[in-house]
Amino acid sequence: EVFTAITEMEELLDTEAQFISNLESYIHALDQKISLLKGQADDYRTKHQIAQKDTAGYVSNPINAFLLTKRLARDWESIESVVTRDLSAEFISKMVAHKKYHKIPTDEDLNGAAVALARLQETYKLNTTNVANGELNGVKYSSPMTSNDCFEMGRQLYLSKDYYYTISWIGEAMDRLAIDRNSNNSLTEILEYLSMAWSDQGNTVRALQYTRQLLDVSPNHEAAMKNEKKLENLLKEGGGRSTFENEPHHKPKSNETLTYEMLCRKEISMSPAVASKLKCKYVTNRSPFLKIAPLKLEEANLEPYIVVYHDVMFDSEIDFIKELAKPRFKRATVGNNKHGLGVVADYRISKSAWLEDKEHKILQQISRRVEDMTGLISEKSEKLQVVNYGIGGYYVPHLDFKKDSELFQSVGSVGNRIVTVLFYMSDVLEGGATVFPALNVALWPKKGSAAFWYNFLESGKGDLSTLHAACPVLIGSKWVSTKWLHEIKQHFLRPYKLW
Ligand SMILES: O=C(O)CCC(=O)C(=O)O
Ligand SMILES: [Fe+2]
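Residues numbered from 1 in each chain as written. Chains lettered and ligands numbered in written order. Predicted model: local features only at pLDDT ≥ 70, side-chain atom pairs only at ≥ 80, totals over all residues.

1. Quick look at the overall build of the protein
- Of the regular secondary structure elements, the protein holds 18 helices and 16 strands.
- Burial status across the protein gives 31% buried among its 499 residues. (Helix = DSSP H or I, 4+ residues; strand = E, 2+ residues; numbered from the N terminus. Buried ≥ 20, exposed ≤ 12 C-beta atoms within 10 Å, placed from the backbone.)

And the structure:
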């Protein structure tokens, strides 16, 4: 599960460094072997040429007779032993050791990374050819992908039943095959995937077209022969979705998802009428300390009230929290492994850890600041949740509170999450906004700021308009920490319109 958090991806670079230096020492040993053998061959060739000039004279010399005999009786044996010296064994045993002691991504990791990249394409409308050229949002970030790289993307997406992106990536692999002469994926494999993916999309016409192309390339392909018949029959019977569409189709999406994605892409924002009412202010009246160091509050929405506080977590506090959380991310991984595949999409794209106030005074300090920011008591709050999002890491639209029907089973004695305080512990280069699809509000992470909102209406009912999501991280690493305040004990303190 290395792809789930950026911090753990960095460890993969260490693994790669070990692999590379092992390969280099193997090549060096091979080079030495070859130059030793070359030296011997040259030497024997020279001696042999001298002998050939005057064969009879050469062998009639007793020294030469001895040397020739010795060369053939002994020296060639040692050549044989050099030739049979197995350098591969050492290379392989080192690889085995590296794999044991270093982090190695699994097939699941590879699948997760491919799915994450496709999710970024889907959310940010990134065209496959551009991505394959190493471009994200018009900026070139990495070197172009080979036909084989694209093929692997397609193969992984096929495994995840994402046929739209299978077709897109396998098509890209096909386009790149001509320039990638020594590619290890063949046209046959490419056509196999294209015909399967189109068939899974229900497009019989296209599936048949690629099956026939496949038979042109590999006329004895048995599965393709069977498939051709099957598809032809399907077409004749008028069954299947025998469309003549040229484009593959996307999975259908809810309006909520569409709005969430548009907010992530900055295609929509709140109306100017609402935006013009928002203010920035200094908050000084919550505690004596704030008179000296007021909180910088920026309103992000009025109904429901959502604010962003600026500079409410210091870099030193952020560093401390990250270091405390990191080793626990790993423990979380083990726990998840035990559960097997389970819920794939949600837990896999970020890693989290929980920190308790009693562990360190910095955490108590943060809780006190949360009290200043909210005017509420943090005593009955949850531990601080720390999250690091990985490649394409996101969080689907959700509510932080439990609905009445779900409440009794999970929240227990501390009541519901009435308030969310979300600290941004990093800037994010591209993507990673917190968006509220019902309000057209998008909050962009800024290191040291914190968002704060009520999840409940004055009536005491959960506020459905607080539905929010974390947009996938396109470039960079996103760290957040969250403090949820609970309803118990807050009844008298909760001054709904505090400001
Ligand atoms: O990371 C974000 O921007 C939002 C996180 C969130 O909504 C949550 O953890 O409940
Ligand atoms: Fe949330």
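2. Considerations on the environment of methionine 95
- Turning to its location among the elements, methionine 95 is positioned in helix 4 (residues 88–101).
- Sequence spacing of methionine 95 and asparagine 22 is 73 residues, and the spatial spacing of their C-alpha atoms is 7.6 Å.

3. Observations concerning the site of ligand 1
- Close contacts around ligand 1 come from Tyr395, Asp400, Leu422, Thr434, His468, Ala470, Val480 and Thr482, and that covers them all.
- Those elements giving two or more residues to the shell around ligand 1 turn out to be strand 14 (468–470) and strand 16 (478–486). (Near = placed C-beta within 6 Å.)

4. Observations regarding the UniProt feature "repeat: TPR" (unreviewed entry) in the protein
- Sequence positions flagged by UniProt for "repeat: TPR" (unreviewed entry) are, in local numbering, residues 188–221.
- Taken end to end, residues 188–221 comprises 79% helix and 0% strand; its first and last C-alpha atoms sit 9 Å apart. (UniProt positions renumbered as here; feature names shortened; annotations may be inferred.)

5. Remarks on the sheet that holds strand 14
- The 4 strands lie next to each other as 8-14-11-12, forming an open sheet whose pairing is antiparallel. The two strands at the open ends of the sheet, each matched to only one other strand, are strand 8 (395–398) and strand 12 (441–443). Across the sheet, the mean angle from the axis of one strand to that of its neighbour is 15°, orientation sign disregarded.
- As paired strands, strand 11 (residues 434–436) and strand 14 are joined by 2 bridges and run antiparallel to one another. Within strand 14, the position partnered with threonine 434 by the bridge is alanine 470.
- Here helix 12 (residues 255–264) sits on the sheet and contacts strand 8, strand 11, strand 12 and strand 14; the angle it forms with strand 11, its principal contact strand, is near 135°. (Pairing = 2+ DSSP bridges. Axes fitted to C-alpha atoms, helices over the stretch in contact; angles between N-to-C directions. Contact = placed C-beta atoms within 7 Å.)

6. So, unusual backbone geometry
- For the bond from glutamate 303 to proline 304, the omega torsion is -5°, close enough to zero to count as cis.
- Inspection of the secondary structure assignment puts proline 304 in the loop between strand 4 (295–301) and strand 5 (306–310).
- Positioned with a positive phi, lysine 125 is a non-glycine residue whose angle comes to about 50°.
- In this structure, lysine 125 sits in the loop between helix 5 (107–124) and helix 6 (128–132).
- C-beta crowding within 10 Å serves as the criterion here: with 11 such atoms nearby, lysine 125 is assigned to the exposed category.
- Despite not being glycine, aspartate 311 has its phi angle at roughly 50°, a positive value.
- Positionally, aspartate 311 belongs in the loop between strand 5 and helix 15 (315–338).

7. Focus: the domain arrangement of the protein
- Here the protein is partitioned into domain 1 (2–101), domain 2 (107–236) and domain 3 (269–486).
- Put simply, the middle of domain 1 and the middle of domain 2, counted by C-alpha atoms, are 42 Å apart. (Domains from an automatic or database assignment.)

8. Quick look at the nonpolar core
- Ranked by size, the top nonpolar core spans 91 residues in total, and within it Ile170, Leu194, Ala197, Val435 and Ala450 carry the most contacts.
- When residues of this core are sorted by domain, at least three fall in each of domain 2 (107–236) and domain 3 (269–486).
- In this structure, alanine 197 is in contact with Tyr158, Tyr163, Thr166, Ile167 and Ile170, ignoring residues within four places of it in sequence. (Core = buried A, V, L, I, M, F, W, Y, C linked by C-beta atoms within 7 Å.)

9. A closer look at the packing of helix 10 (residues 204–217) against helix 11 (residues 222–236)
- Taken N-terminus to C-terminus, the directions of helix 10 and helix 11 make an angle of 150°; their axes are 9 Å apart at the nearest point. In terms of axis orientation, helix 10 runs roughly antiparallel to helix 11. Note that helix 10 runs across helix 11; the crossing there is left-handed. Here Thr204, Ala207, Leu208, Thr211, Arg212, Leu214 and Leu215 of helix 10 come into contact with helix 11, specifically with Ala224, Met225, Asn227, Glu228, Leu231, Glu232, Leu234 and Leu235.
- Among the residues making up the contact of helix 10 with helix 11, the classes are represented as 9 nonpolar, 3 polar and 3 charged. (Parallel < 35°, antiparallel > 145°, perpendicular 65-115°, else oblique. Left-handed = near helix turned anticlockwise from the far one by under 90°. Nonpolar A, V, L, I, M, F, W, Y, C, P; charged D, E, K, R; others polar.)

10. Thoughts on the environment of serine 350
- Within the secondary structure, serine 350 sits in strand 6 (residues 350–355).
- On the neighbour-count criterion, serine 350 (21 C-beta atoms within 10 Å) is buried.
- Note: C-alpha distance between serine 350 and asparagine 130 (220 residues apart in sequence) is 26 Å.

11. Describing the sheet that holds strand 16
- The strand order across the open sheet built from 8 strands is 3-4-5-13-9-16-7-6, with neighbouring strands paired in antiparallel fashion. Two strands in the sheet have a free side with no partner beyond their single neighbour: strand 3 (280–283) and strand 6. Across the sheet, the axes of successive neighbouring strands diverge by a mean angle of 25°, strand direction being ignored.
- Two elements, strand 9 (residues 417–424) and strand 16, share 7 bridges in a ladder whose sense is antiparallel.

12. A look at the packing of helix 8 (residues 163–177) against helix 9 (residues 187–200)
- Following both chains from N to C, one finds helix 8 and helix 9 inclined at 155°, their axes separated by 9 Å at the closest point. Relative to helix 9, the element helix 8 lies roughly antiparallel. Handedness of the crossing formed by helix 8 with helix 9: left-handed. Across from Tyr163, Thr166, Ile167, Ile170, Ala173, Met174 and Leu177 in helix 8, the residues of helix 9 making contact are Leu187, Ile190, Tyr193, Leu194, Ala197, Trp198 and Asp200.

13. Observations concerning helix 3 (residues 62–84)
- Compared with an ideal rise of 1.5 Å per residue, which puts 23 residues at 33 Å, helix 3 spans 33 Å between its outermost C-alpha atoms and is within 8% of the ideal.
- Along its length, helix 3 reaches its greatest deviation from straightness, about 40°, at arginine 71. (Expected span 1.5 Å × (residues − 1). Bend = angle between axes of the 7 residues up to and from the residue.)

14. Observations regarding the pairing of strand 4
- The sheet contact formed by strand 3 and strand 4 spans 4 bridges and is antiparallel. For valine 283, the partnering residue across the bridge sits in strand 4 and is leucine 295.
- Taken together, the 5 bridges between strand 4 and strand 5 define a ladder with antiparallel strand orientation. Bridging from a neighbouring strand, leucine 297 pairs with tyrosine 309 of strand 5.

15. Some words on the confidence of the model for the protein
- Across the protein, the average pLDDT comes to 87, with 88% of residues at 70 or higher.
- The secondary structure element of the protein with the lowest average pLDDT is helix 16 (residues 344–348), at 42, and the one with the highest is strand 11, at 98.
- Note on residues 332–348: pLDDT under 50 across the span, and 9 contacts to partners over four residues away in sequence or across chains.
- For the stretch residues 492–499, pLDDT sits under 50, and the model shows 7 contacts to residues farther than four places along the chain or on other chains.
- Here the predicted complex scores 0.83 on pTM and 0.99 on ipTM. (pLDDT = per-residue confidence, 0-100.)

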